[in-house]
Amino acid sequence: DELLLPVGEGSGESSPAKKGKTEPTAPPRSSRTAVIVASLIGLGIFFGTYFGASLTLQQTICVCVIYLAMTSMACFNVASDLAMFTASVILLATEVITRDEFLQGFGNSSVVCVGLLLVVAKGVEETGALERLVKFCLGKPKNRVAAQLVMMVPVLLISAFLSNTACVAMMIPIIQSWSDSINQSRSQLLLPLSYVSMMGGCLSLIGSSNNLVAYEKAKAYDPDINIGMFDVAKAGVPMTICGIVYMVCSSKYLLPSGVDEGGGASNSEAGGARDQRYSMCFWVQKAKSGRPNDVYGLSPSQVVFDRPGLSFVRRHCLEGDDGVDLMPDAPFSEGELLVFKGTAGRLAQLQKTPGLVLATKEIEKLSFARVKHKADNKLSKRRHRRIIEAVIDVNSPLVGKTIKEVAFRQSYNAVVVARRPGITFSTTPGQGPTKQRSVSSCGGAGERNSLANRLQEEGLEMNPNSNSDGYVNLSFSDCDCNTSWGAVKFCAGDSLLLVASSSFVKQYSNSRFFALVTELSNSKPPRNDTPKDLLRVWVTWGMLAMIIGVSAYDDSRLLEMCVITVTVQIYFQIMTLEEAWSAVKGGTLLTIASSFSLGNAIQSSGLADIIADEICLIAGPFGKIGLIAVVYFVTSLLSILVSNTAVVIFLFDPVAKAADKVGMDLLPFVFILMIGSSAAYATPISYQTNLMVFAPGGYTFMDYVRFGGPLQLVSWVSTTIVVYLIWGRD
């Protein structure tokens, strides 16, 4: 489940880049200290094993290769797929493993299932069904404890069946907005969110990739072993309950009580720095019957828009003949214009709010090359629309020209929805650079007189620079929100937010028009307003239920159910084939497949027997419960350093042989490996979800040690006791 996803949802911001990628913010740490500590531990293990037993040449090579792979991942931030694959190649080249053993992982059904489940999770995410369910479950708790408990329930249910990385990526912006609306600190919620998502993976067989890998290894070792869909929950549920009790009781004292995320909504400029926020306009839209709506009919006090990185500026009545009551707490009405100011990522997320639509009809005029049938035109537009951030190059042909002069929409197949000034917006003769501030809306020519009258009553004025395509520019003194600019010229360094095709970045990333081009993460428009969208939601839930039900009845059918589900999702246009391929994380699958080669090396070289003897020697004085405790401790310790699936494969054969030596059944140790390999709480770099919440939660490295370290201990003790009571006394 350690998916190396580039995630930008956490902070809601995206820095422009040529390829449009945003990475998780890595925590600062002393690499020198990490190298020294890891080297000492590794050398201690190496020399202890080497001088404690007479190793053959193959065993020595195997130990050295595994040590180097683990050290490179833990200390030098080498990608896990690169480290594991390189180690596999070395073992193949030195003939520690055969060619068939090298290729075993690449044809393993568990690896294929992991890839397919990632695609299934992508399809569920595309429908927006989970987001709606989560928002419904959260409610309005009154205190910290209630907020944490309410947040944990849907996360546990989702991560029990879908990728916890996808779950956390979806939940971060929801929790950020929700925590602001209920006046609770997000730092009290985001790290528990990460930890609970890991625990949810211990509640079902398909909850985590390491569960599937452990089961596959167990079936290969003992064909008679059988693990049901929820068998791991016998140990996972008590551990989860103990972990939740610990987090609820201790978070108040061990986690920071508040955080002000960078790019907040209040200070537009600090120390003379350039304001990094845009202004953007949205219309209030009335929802169709049965559709969600978070704005229409509600008062401003009921809808909390302001959050770090986003502020609600004002509202205007711009449509209708009778006007709308604009008292401060009057309910929002259909057609109202709402003005927001915020970071690019926050504004991109805002378009997903049910009841808000971008205040421009120009988007409907965009054309897409992929559209083959007129009936599919609207759907294809939605599927391929993205919000792009672009910076005008100093040598761009756009410099000094207006949108109308360059026919921007027709020439670039994109619509400008927000603009942030670079060098200047416009220059008045004899004066320095000045900014032209305006708000734009879209309306027909017949509405202009009534608009002008109403605007004059509000103390605004009509901008005479209106163009011929139906835009009206509205100017006032303290906003800078634009959907069209009549006579305002582009300047070098201007930053634009564009609605364009998903292929825009590829087309213009290396062009002379723009210096930087990036696609904002999570900027695809919502798909929840048509009967077909509702049908896709029900199809998605039905296929997910089929996977769970059929796999619970016959676990050997999991692969077939995943293949059928992915096929149905593509043919029902829940996602495109390109999106399905993008959901398959090659690095994750390569890490798992390469881990099988290292596991085979440990087994075939005889190193597994030596490690098993050492484990039994250490745990021997404490009996069966001592063996269970030692295996869990070693598993959770290694999971802090390397990939959890790699830990399962490293330790499986030695643990299986140790169980045989003391006459214990293999099944409890399979569950120990599943749960222990997911217990990576103590550092932000030990698990992808920990790293994802690092920046948006405002945490430090020591927050993870203080809060996650004791949780590691709670998980160790509770799991050891439960596993021993259920399986260890036979």
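## Some words on the overall build of the protein chain
Helices and strands together make up the secondary structure of the protein chain, namely 28 helices and 13 strands. Considering the protein chain as a whole, with its 730 residues, one finds that 57% of them fall into the buried category. Sequence-distant contacts, at least 24 apart, represent 81% of the contacts inside the protein chain between residues at least 6 apart. Total accessible area on the protein chain stands at roughly 29900 Å², and carbon and sulfur atoms take up 59% of it.

## Quick word on the environment of D294
Looking at the secondary structure, you find D294 in the loop between β1 (278–284) and β2 (310–317). Distance in space between the C-alpha atoms of D294 and G355 is 5.9 Å, their sequence separation being 61 residues. Discounting chain neighbours no more than four positions away, the residues touching D294 are K135, V303, T353 and P354.

## Brief notes about helix α21 (residues 586–604)
Taking 1.5 Å of rise per residue, the 19 residues of α21 would be expected to cover 27 Å, and the 27 Å separating its terminal C-alpha atoms lies within 8% of that figure. Counting buried residues along α21, 14 of its 19 residues qualify, which places the element largely inside the surrounding structure. Downstream of α21 by one or two residues, G606 has phi in the positive range, about 90 degrees.

## Some remarks on the pairing of strand β3 (residues 336–342)
Counting buried residues along β3, seven of its seven residues qualify, which places the element largely inside the surrounding structure. Judged by which residues are buried, β3 turns out to be covered on both faces: E336, L338, F340 and G342 on one side and L337, V339 and K341 on the other are all buried. Strand direction decides the pairing type here: β1 and β3, joined by six bridges, are antiparallel. Directly across from Y278, in β3, lies its bridge partner G342.

## Side note on the packing of aromatic side chains
With the rule as written, the count across this model stands at 23 aromatic pairs. Ring centres of F312 and F332 lie 6.2 Å apart, and the angle between their planes is 75 degrees; this geometry places the pair in the edge-to-face category. Remark: F332 occurs in the loop between β2 and β3 and F312 occurs in strand β2; sequence separation between them is 20 residues. Classification of F312 as partly exposed rests on a relative accessible area of 22%. Put simply, the rings of F408, Y412, F490, F504, Y508, F513 and F514 touch in pairs and so form one group of aromatic residues. One residue, R512, lies across the ring of F513, its end atom 5.3 Å from the ring centre.

## Examining the sheet that holds strand β13 (residues 514–519)
Strand order in the open sheet made by the four strands is β6-β12-β5-β13, with antiparallel pairing throughout. Strands at the two margins of the open sheet, each flanked by one partner only, are β6 (414–420) and β13. The mean inter-strand angle of the sheet, taken between neighbouring strand axes irrespective of direction, is 25 degrees. As judged from the six bridges shared by β6 and strand β12 (residues 495–501), these two strands associate in the antiparallel manner. Bridging across to β12, R419 finds its partner in L496.

## Thoughts on a nonpolar patch on the surface
On the surface, L713, V717, I721, L725 and I726 cluster together into a nonpolar patch covering about 420 Å² of accessible area. Turning to its location among the elements, L725 is positioned in helix α28 (residues 701–728). For L725, a relative accessible area of 44% gives the class partly exposed.

## Concerning helix α23 (residues 623–639)
The first and last C-alpha atoms of α23 sit 25 Å apart over 17 residues, in line with the 24 Å expected at 1.5 Å per residue. Every buried residue of α23 is listed here: G626, L627, I628, A629, V630, V631, Y632, T635, S636, L638 and S639.

## Focus: the environment of S396
Tracing the chain through its elements places S396 in the loop between β5 (385–392) and α14 (403–406). For the pair S396 and A515, spaced 119 residues apart in sequence, the C-alpha to C-alpha distance is 8.4 Å. With residues near it in sequence (within four places) discarded, S396 still touches R512 and F513. Of note is the side chain of S396, whose polar atom sits 2.9 Å from the backbone oxygen of F513.

## Digging into the pattern of salt bridges
The final tally for this structure, using the stated rule, is eleven salt bridges. D703 is paired through a salt bridge with R706; the nearest N and O atoms lie 2.4 Å apart. With D703 and R706 both in helix α28 and three residues apart, the pair spans about one turn of that helix. Take D703: its relative accessible area is 4%, and that puts it in the buried class. Among the charged side chains, a network of salt bridges with common partners joins R386, E519 and E579.

## Some details on the environment of S197
You can see S197 is positioned in helix α9 (residues 190–200). Between the C-alpha atom of S197 and that of S678, which follows or precedes it by 481 residues, the distance is 9.9 Å. Aside from chain neighbours lying at most four places away, what touches S197 is V155, S159, N164, V168 and T689.

## Describing unusual backbone geometry
Positive phi outside glycine occurs at A407, with the angle close to 50 degrees. On the secondary structure map, A407 appears in the loop between α14 and α15 (408–412). In this structure, Q573 takes a positive phi of about 60 degrees despite not being glycine. The exposure class assigned to Q573 is partly exposed, which follows from its relative accessible area of 26%.

## A closer look at the nonpolar core
Core analysis: the largest hydrophobic core is formed by 140 residues, its most contacted members being M151, L193, Y195, M247, F650, V670 and M674. Dropping the residues within four chain positions of it, V670 is found in contact with A214, A218, I225, I227 and F652. Counting residues in hydrophobic clusters, the runner-up holds 25 residues, among them Y278, M280, V303 and L356.

## Structural notes on the packing of helix α3 (residues 80–93) against α21
One way to put it is that α3 packs onto α21 with a least axis distance of 8 Å and a crossing angle of 35 degrees. When the axes of α3 and α21 are compared, the crossing they make is left-handed. Along the contact surface, α3 presents S80, D81, M84, F85, A87, S88 and L91, while α21 presents G587, L590, T591, S594, S595, S597, L598 and A601.

## Points about the packing of helix α18 (residues 531–553) against helix α19 (residues 558–571)
Close contact between α18 and α19 brings their axes to 9 Å; oriented N to C, the two are set at 175 degrees. With respect to each other, α18 and α19 are oriented roughly antiparallel. Of α19, the residues touching α18 (which contributes V539, M543, M546, I547, V550 and S551) are L558, M561, C562, I564, T565 and V568. Residues belonging to the contact of α18 with α19 are distributed by class as follows: ten nonpolar, two polar and no charged.

## Topic: the confidence of the model for the protein chain
Per-chain confidence: the protein chain averages 75 in pLDDT, with 76% of residues scoring 70 or above. Low pLDDT (under 50) marks residues 1–23, which in the prediction has 91 contacts with non-local residues, meaning those over four places away or in another chain. In this model, residues 423–484 is a region of pLDDT below 50 whose contacts with residues beyond four sequence positions or in other chains number 136 contacts.

Conventions used here
Residues numbered from 1 in each chain as written. Predicted model: local features only at pLDDT ≥ 70, side-chain atom pairs only at ≥ 80, totals over all residues. Heavy atoms only, no water. Helix = DSSP H or I, 4+ residues; strand = E, 2+ residues; numbered from the N terminus. Buried < 20%, exposed > 50% of the residue type's maximum accessible area, 1.4 Å probe, protein only. Contact = heavy atoms within 4.5 Å. Areas by Shrake-Rupley, 256 points an atom, 1.4 Å probe, with all protein chains shown as cover. Expected span 1.5 Å × (residues − 1). Pairing = 2+ DSSP bridges. Phe/Tyr/Trp six-rings, centres within 6.5 Å; stacked < 30°, edge-to-face > 60°. Lys NZ or Arg CZ within 6 Å of the ring centre and 35° of its normal. Axes fitted to C-alpha atoms, helices over the stretch in contact; angles between N-to-C directions. Patch = residues over 30% accessible without salt bridge, like charges linked within 9 Å, V, L, I, M, F, W, Y side chains within 5 Å. Salt bridge = Lys/Arg side-chain N within 4 Å of Asp/Glu carboxyl O. Polar contact = N/O pair within 3.5 Å; in protein donor to acceptor, adjacent residues only side chain to side chain. Core = buried A, V, L, I, M, F, W, Y, C linked by side-chain atoms within 4.5 Å. Left-handed = near helix turned anticlockwise from the far one by under 90°. Parallel < 35°, antiparallel > 145°, perpendicular 65-115°, else oblique. Nonpolar A, V, L, I, M, F, W, Y, C, P; charged D, E, K, R; others polar. pLDDT = per-residue confidence, 0-100.

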